[in-house]
Structure formats: structure tokens, C-alpha cells
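The lines below spell out each chain.
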Amino acid sequence: MSETNLSVAMLEPIEDLGGVAQPLLQVNGLTKHFPVRGGLFAAKRTVRAVDNVSFSVAKGETVGIVGESGCGKSTTARLLMHLMPRDTGDIIYDGMSVGQSLSLRELRRGMQMVFQDSYASLNPRLTIEESIAFGPKVHGMADGAARALARELLGKVGLVPANFANRYPHEISGGQRQRVNIARALALSPRLVILDEAVSALDKSVEAQVLNLLADLKREFGLTYLFISHDLNVVRYISDRVLVMYLGEVVELGPVDQVWDQPAHPYTRALLAAMPSSDPDRRTETPPITGDPPNPIDPPSGCRFHTRCPFAEPLCANATPKLTALDRMGHEAACYMAIPGSGHSRAPKEETV
Amino acid sequence: MTKLVEISGLNIRFTGERTVYAVNDLSLSLGDGEVLGLLGESGSGKSVTLRALMRLLPKKRTQITGKVNVMGRDVLAMNEEQLSSFRGQTVSMIFQEPALALDPVYTIGAQIAESVVRHEGKSYAEGRARALEMLDVVRIPSAKRRLDAYPHEMSGGMRQRAMIALALACRPKILLADEPTTALDATVQIQILLLLRELQREFGMSVIFVTHDIGVAIEICDRVAVMYAGQIVEQGTLRDIVRSPVHPYAKGLLASTVHGAKRGQRLETIPGTPPSLGERPHNCSFAPRCAAAQPRCLEQLPGNVDVGPGRAARCVLAEPVTALS
Ligand SMILES: Nc1ncnc2c1ncn2[C@@H]1O[C@H](COP(=O)(O)OP(=O)(O)OP(=O)(O)O)[C@@H](O)[C@H]1O
Ligand SMILES: Nc1ncnc2c1ncn2[C@@H]1O[C@H](COP(=O)(O)OP(=O)(O)O)[C@@H](O)[C@H]1O
Ligand code: SF4
Ligand code: SF4
Ligand SMILES: [Mg+2]
Ligand SMILES: [Mg+2]
């Protein structure tokens, strides 16, 4: 068992079968479309919530996912958790797929999720202690041991058990609820934790504490994180690598510093420019992208960003640009301007190797 | 400047199994057309304060004392009927968690229409028309189609716009905003903030805007009140609070940002946790976490000290130093 300094028993984590070189999570061509009702005689339409998304997460790594509302981050997370069926694509956990060498039950222990909406994800009729103890009990831990574990974990996330264990979700603040959710996820000894906007509702001093806490827990429990957030500062701080999503697709990915310092996709650039000002005398006057986050129902053809992109050229609407390597460090972007010889006027000349 | 909202000496206590002194001796005012930010830590009483202003707290288990005056009316003395027209028409609220404002089983159009019918006594058809108009006001594209959408069919940003449309449908004088942009993505957040800034001017509303994000406050607020443990520990203009906070908590809050922090480096935090609020504070609630604490901080509740025009702090450090003779 891992060398945590918990004084109580935990569930045994799912065994590391694949070894260090085996990514903890491999996602290939993940796709999920939702049918939507049109008008009375309108044709059936589909939301392309997640479209052909591929990435991997190495053991011990923190991978960030950023992108606008509705771009498919939460759907990706739910698909990974097997909370809904996917259309196509492979989800490989430590070299194993659910249904073959891995049961759904095992996956749900090995991979835990902390949701965006801290309130909706807690059962209002259970006390906080009961909520945290619930999972371990389902997995066979005795009531007393599960409650002891719950109290221990409450302390780990900075909530004094004596003050909080017997409260109900509506009796604590949003920040406190999010810590409870983190404790509840950890109660199953997961190796991968998906954090979907997990610190977004917290104020800064608490956010800083929770981020430090996540770093500590990561070290103590040997965790791997998939960190979904709209806060670019937080993502830069916590992630090793980052995926930028737009309308269900990955448009840029790479080591976070490369992506932040040399964003290659115009969408990534707009995202970075949308951060609120830190100077009262220089408020943001106009949003860097106008219009609403686009709807993934019948998305634009070709590069899905072409309807909002200041550099769009006719070829952009024709075919989807593929994720293309920009360097040897894993920085990739799906934009014709980054693809040598693509025919875009700003593209680099094709190199003869 | 005329004051639309005057709260003075507000105390809110939740009773029941445990007693929580959620708001303690809180005073604030909101001017006509002003945007006041309430900035503070989780559990500091921001939402409870807003809820008290709308009398949304559970009646049986809540004890409220003090004065809450809105446009000359005593809110704490209103009966249910008066409250019903007060809510929506005078004061309206948008929430931190849209799940609390939007009903998952009704379409957006139906919810806005129903609110107009309930608060203004209009017909349902008139309510529908207002709903359409409001979805346009908050710039929801293809508004007509969106009228029949359910909240779960919308993305986060769209839901937030729908909630704003619902809140503004009865043209309130005062909008209470409880972290409405907290869970949104960057490009959506900035648009919603600029939208609210615009609608505030357009509708001539006054706004109390709860946020934990100083960047958000910078984009939208004129004045800021920093809350801690159910009290306002410092208030002043946005510039003063951002550039030269006086209260040690306000200073700590502004310092604990991930902006520019290096990966792997520990973030600056305010040590400790906020008090449990199980007792009425009788001295400085921040003292156990404060690096500048002195014995006198524990003797009594620090008074509200004026530090400049329209600026006050609740800290002994702000007290004028008596000149040595
Ligand atoms: N109905 C209730 N019964 C008992 N205690 C409550 C109730 N509602 C809130 N509290 C307590 O009152 C205090 C203030 O809560 P409030 O929701 O106002 O915090 P907040 O400043 O809005 O925090 P956040 O930023 O996390 O939303 C907290 O200690 C909370 O646990
Ligand atoms: N059950 C559903 N039915 C129809 N559309 C859905 C459903 N769930 C999500 N969507 C749509 O799929 C898209 C992606 O949603 P989501 O993954 O929640 O985005 P994100 O988490 O990036 O904000 C959105 O347009 C959303 O409205
Ligand atoms: S491919 Fe074309 S439209 Fe898409 S981001 Fe690049 S330049 Fe813009
Ligand atoms: S009154 Fe004392 S303890 Fe409280 S904030 Fe000021 S210096 Fe710190
Ligand atoms: Mg989401
Ligand atoms: Mg709140």
C-alpha cells in the first residue's frame, strides 16, 4: 500500500499493472453526439459534443483541459468515467478497457471525479461523514472503518471533523462543499482524479489552499490529475500539459508554458486575452471574441473556428486542419497557419527534409 | 448620492441543532446607479447578506436583527404579499449556482413568462412576449428557438444569460448578483461581465455583486466591501482597495493569487481557517490568522474606523495614532 500518513485503513488502490511507461489513460477518437429535437417538421439534428478527441495522460502527470462553455470538457469527463455511453472511441485505463480486463466497478474506483456543481453532487439527506463513507461501504468496507476514514479525510481537506462531520450539505458554504467532494473522491483510493471546475467556485485564498492541498494529495497518494478549468491562471499553475478544446475538438495541445507563451491557434490567443484586467484604470473594453460560445449543433465546416477567426481564408472552411506538431516537445495545433505548405498565406513554407 | 439600500447593524443568526452567527453587525449602503462588490472568503456571509436583503432565508430557523432599508421601505417588516411584488420588481437576484434559480422541468420561456405573470399580474401571452424580448436583451442568439429550451440543454454561459434574463424581466431597480460568472470560462465570463456592465447602465440599476475574484471586481465594481466572518472588514473605492488595502485580511486576499505563480511552488495563502461562527464575535475574528495581531485585538471588537472619504476599515491598525505630546 502507498506510504500515506493516514492513521486509518483505506481501500487498496487498483494495482499498477502497466508500469511507468504505460500511460494511465489513453483516449483515442472519443466521440459523443447528442440527438436534439428540432421544430415540429425540422430535421433531426445532432450536438457534436465531443468529436474525435485523442490524448493520453502519463502516470503522475497533471493534464489541463481548457475551452469555452459547451466545448465538451464535461462530456469528455463523463465519458471517461463511463457515466454515459460513447458513440465511438477507446478509453484505455492503464492498458485495460472496461468490459475486457477491467470491470466498470474497478474503473470507478481507479478513476474518481469531482464535479463542477458541488451542491448537486452531494446527497442532501446524508451528513457529510455519511457521504464520504458511502463509497467505501459500497466497496465492502465496514461502517465503522468507513466513518473513521471519512473523518480522517475531512481533516486532510482542512475541515475539522468535529465541526463538520454531522452537518448536511446545505449547512456548509460552497467552498466547504468542494472540499467535501474532494474528500469523497479520495475515499475510494483512486489513481486518477478528474477535477471538473473543482476550484472554480472558491475564493482566492481558499483556492490557493485547495491547490496546495491538491499538490500535497497528489504527492501523498501518488495521484494523476485531469484538471478541467476555465481559469487560465490556475491551469497554467497546476498543469504539466494542456489541451485547448473548441466545439468538441482539440485545437491545440502541448506543454503548458509553450502553449501559453507561444499560442499557435487564434482561439488559444483569444482565450488568453479574455482574462479580466488587474488594473482598475485599464478595464477590458471589448471582449476578444464577440458573439456567444458557438453551439455544437451542426458546427461550421472545415476549421470550426473559421466563423470567428480573424485570419480565416477560403481553405479554412473546406477541410478540418489536423493537429500538427510544431516542435519536438509535443506542442501541436490544428490551424492551417501552423501547417507548412497548407496553402494558407500565413503558413510556413514546406520544408524539404 | 441617494441611498437605495441602507443596511445598519445587521445580525443574522441561524438556530437549530447548531447556532451560526452568519452575519454580525454589518452596515453597508448602496447608492443610486452604483455597483458595490462584496468580496470575501467562502462562508464569510456574502450570500446570507444578499438573501436577507430579499428575505429569502428560512423563516423558522433564522433570527435577523438590525435595519434593512430598501428605497425607504423596511424590508424586515414586509408581509408575504409585499415581498412578492418587492422581489422581482424592486430587487432581483442572480445566483452562484444556476441550479438554484432555474427550474429544470420548465423551459426558459415558461419560467420568465411565469415570473412576469406572478410579479406584475400580466397575462401569460404578455409574459411570453417579455421573455422573448429579454432573451434578446441578454443577447441569446436565435432567441425565439431558445424560449423552448430546458436549462440542461444549454451550455453554462447560455444558462447564465437565461438567468440574467429571468432576473431582469420585471425591470428591478436593484440587482443582487451572487458570483454569476464564477463557474464560467474566460471568454464567456468577460462577455457576461461586460453585458452586466452595459445592462446596469442601460437599465440604470444599482448592483451588489458578490465575487471572490478581484479581477472580476476590477471589471465591474465602483466600490468594494471586503467581508470576513460575517463582517465587513474594509470598504472603499475599487482603486483604494486594490492599490492600498489597509486591513490585514484584505491584504492577504489580494496577495494569494495564482497569477504569475510558478508551477511546483507553494502558493501564498492566509494560514488557518475562518472561524466556525458558533459564537458571536467579541474581538477581532481575524486575530488567530493575523500576523499583525496585538493583545488589544483580542480585548474587544475593533471599531469601524474611517480611513478616508468613503473608506473604512475594522482593524486597530487603522485607528488614528494619537500624536505624542
Ligand atoms: N441555512 C443555514 N443554516 C445554518 N448555517 C448556515 C445556513 N446557510 C449558511 N450557513 C452558514 O453561514 C455562514 C455564511 O454562509 P454564506 O453562504 O453566506 O457564505 P458565502 O460568503 O456566500 O460563501 P461562499 O463564497 O462559499 O458562497 C457559513 O458558515 C455557512 O455554513
Ligand atoms: N444530455 C444532453 N443532451 C443534449 N445536449 C447535451 C447534453 N449534454 C451536453 N449537451 C451539449 O453538449 C455540448 C457540450 O457540453 P459539455 O460537455 O457540458 O460542455 P463543457 O463542459 O465544455 O462546458 C453542449 O452544447 C451541451 O449543451
Ligand atoms: S485554420 Fe483558418 S480559420 Fe481555423 S484557426 Fe487557423 S486560420 Fe483560423
Ligand atoms: S484588529 Fe488586530 S488582529 Fe484584527 S486584523 Fe487588525 S491587526 Fe489583525
Ligand atoms: Mg462543464
Ligand atoms: Mg455564497
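Rules used throughout
- Residues numbered from 1 in each chain as written.
- Chains lettered and ligands numbered in written order.
- Predicted model: local features only at pLDDT ≥ 70, side-chain atom pairs only at ≥ 80, totals over all residues.
- Heavy atoms only, no water.
- Helix = DSSP H or I, 4+ residues; strand = E, 2+ residues; numbered from the N terminus.
- Rg over C-alpha atoms; globule rule 2.2 N^0.38 Å.
- Buried < 20%, exposed > 50% of the residue type's maximum accessible area, 1.4 Å probe, protein only.
- Contact = heavy atoms within 4.5 Å.
- Areas by Shrake-Rupley, 256 points an atom, 1.4 Å probe, with all protein chains shown as cover.
- Lys, Arg positive; Asp, Glu negative; His and termini not counted.
- Charge placed at Lys NZ, Arg CZ, Asp CG, Glu CD.
- Domains from an automatic or database assignment.
- Buried area = accessible area lost by both parts, 1.4 Å probe.
- Near = heavy atom within 4 Å.
- Polar contact = N/O pair within 3.5 Å; in protein donor to acceptor, adjacent residues only side chain to side chain.
- Nonpolar A, V, L, I, M, F, W, Y, C, P; charged D, E, K, R; others polar.
- Phe/Tyr/Trp six-rings, centres within 6.5 Å; stacked < 30°, edge-to-face > 60°.
- Lys NZ or Arg CZ within 6 Å of the ring centre and 35° of its normal.
- Core = buried A, V, L, I, M, F, W, Y, C linked by side-chain atoms within 4.5 Å.
- Pairing = 2+ DSSP bridges.
- Axes fitted to C-alpha atoms, helices over the stretch in contact; angles between N-to-C directions.

Visitor: Tell me about the overall build of chain A, residues and numbers included.
Guide: Within chain A, the secondary structure is distributed over 10 helices and 11 strands. For 353 residues, the compact-globule formula gives about 20 Å, and the C-alpha radius of gyration of chain A, at 22 Å, lands near that figure. Projecting the C-alpha coordinates of chain A onto the three principal axes gives extents of approximately 65 × 55 × 50 Å. Per-residue burial for chain A yields a buried fraction of 55% across its 353 residues. Restricting the contact set of chain A to residue pairs at least 6 apart, pairs at least 24 apart contribute 66%. Carbon and sulfur atoms make up 52% of the accessible area of chain A, which totals about 14,700 Å². Of note, chain A has its 36 positive side-chain charges centred 5 Å away from the centre of its 39 negative side-chain charges.

Visitor: Any chance you could break down the domain arrangement of chain B for me, citing the residues and the numbers?
Guide: Residue and element names in this part refer to chain B. Its domain assignment divides chain B into domain 1 (3-90 + 172-274) and domain 2 (98-171). One C-alpha centre belongs to domain 1, the other to domain 2; they are set 25 Å apart. On the side of domain 2, 16 residues touch domain 1, which itself brings 20 residues to the contact. Interface area, domain 1 with domain 2, both sides summed: about 1,500 Å², of which 66% is carbon and sulfur. Broken down residue by residue, the surface that domain 1 buries against domain 2 is led by Gln-89, Leu-195 and Phe-203, which jointly contribute 30%.

Visitor: Tell me about the site of ligand 1, and please be specific about residues and values.
Guide: Taken together, 21 residues are adjacent to ligand 1, and Ser42(B), Gly43(B), Gly45(B), Lys46(B) and Ser47(B) come closest. Close to ligand 1, residues of chains A and B are found. A distance of 3.0 Å separates an oxygen atom of ligand 1 from a polar backbone atom of Glu171(A). Here an oxygen atom of ligand 1 sits 2.8 Å away from a polar atom, N or O, in the side chain of Lys46(B). When isolated, ligand 1 has an accessible area of 650 Å², and the protein chains bury 90% of it. Counting residues per element, the ones that place at least two in the shell around ligand 1 are helix H6 (174-186) of chain A together with strand E2 (20-31) and helix H1 (46-53) of chain B. Sort the elements by how many residues they give to the shell around ligand 1 and H1(B) lands first, with three residues. Classifying every residue of the shell around ligand 1 gives six nonpolar, nine polar and six charged.

Visitor: How would you sum up unusual backbone geometry? Please name residues and give values.
Guide: All names here are of chain B. In the Ramachandran plot, Met-71 falls in the positive-phi region, its phi being about 50° despite a non-glycine side chain. Considering the arrangement of structural elements, one finds Met-71 in the loop between strand E4 (62-70) and strand E5 (73-74). Residues other than glycine seldom take positive phi values, yet Ala-229 does so here, at roughly 50°. Relative to the helices and strands, Ala-229 resides in the loop between strand E9 (223-228) and strand E10 (231-237).

Visitor: Tell me about the site of ligand 3, and please be specific about residues and values.
Guide: Lining the immediate surroundings of ligand 3 are 14 residues, of which Cys303(A), Cys309(A), Cys316(A), Cys335(A) and Tyr336(A) lie closest. Tallied by class, residues from the shell around ligand 3 come to 11 nonpolar, three polar and no charged.

Visitor: An account of the packing of aromatic side chains is needed here, citing residue identities and associated values.
Guide: Residues and elements named next belong to chain A. Summed over the entire model, instances satisfying the criterion amount to six aromatic pairs over all chains. Summarising the aromatic geometry, the rings of Tyr-246 and Phe-305 are spaced 5.0 Å apart at their centres and angled 90° between planes, so their arrangement reads as edge-to-face. On the criterion of sequence distance, the pair formed by Tyr-246 in strand E8 (residues 241-246) and Phe-305 in the loop between helix H10 (266-273) and strand E10 (324-325) is long-range, its members being 59 residues apart. Owing to a relative accessible area of 2%, Tyr-246 belongs among the buried residues under this scheme. Each member of the aromatic cluster is reached from another via a ring pair, and the members are Tyr-246, Tyr-267 and Phe-305. A cation over an aromatic ring shows up here: Arg-167 above the ring of Phe-164, its NZ or CZ 4.5 Å from the ring centre.

Visitor: Give me the lowdown on the nonpolar core, citing residues and values where you can.
Guide: Within the largest apolar cluster, 100 residues are counted, with the highest numbers of intra-cluster contacts made by Ile164(B), Leu176(B), Leu199(B), Phe209(B) and Val226(B). Top element by residues in this core is helix H6 (residues 156-168) of chain B. It accounts for eight residues. Three or more residues apiece are contributed to this core by two domains, here domain 1 (3-90 + 172-274) and domain 2 (98-171) of chain B. In this structure Leu199(B) touches Val137(B), Val138(B), Arg139(B), Ile164(B), Leu168(B), Gly204(B) and Met205(B), once residues within four positions along its chain are discounted. Counting residues in hydrophobic clusters, the runner-up holds 70 residues, among them Ile132(A), Leu195(A), Leu213(A) and Val251(A).

Visitor: Can you explain the environment of Glu220(A)? Please cite residues and give values.
Guide: Mapped onto the elements of the fold, Glu220(A) is located in helix H7 (residues 204-221). A polar contact is formed between the side chain of Glu220(A) and the side chain of Lys156(A), at a distance of 3.5 Å.

Visitor: I'd like to hear about the sheet that holds strand E12 (residues 311-313) of chain B, residue by residue, with values.
Guide: Whether parallel or antiparallel, the strands of a sheet pair through hydrogen bonds between backbone atoms. All names here are of chain B. Read across the sheet, eight strands follow the order E6-E7-E8-E3-E9-E10-E12-E11 without closing on themselves; strand pairing throughout is mixed. Because the sheet does not close on itself, it has two edges, and the strands there are strand E6 (91-94) and strand E11 (305-308). Neighbour to neighbour, the strand axes of the sheet diverge by 25° on average, direction disregarded. As defined by bridge partners, E10 adjoins E12 across two bridges and the pair is classed as antiparallel. Within E12, the position partnered with Glu-234 by the bridge is Ala-313.

Visitor: A description of the pairing of E2(B) should follow, citing residues and the corresponding values.
Guide: Along E2(B), 10 of the 12 residues are buried, which leaves the element largely enclosed by surrounding structure. The turn joining strand E1 (residues 3-14) of chain B and E2(B), which pair antiparallel and follow one another in sequence, is formed by five residues; a positive phi near 125° is taken by Gly16(B).

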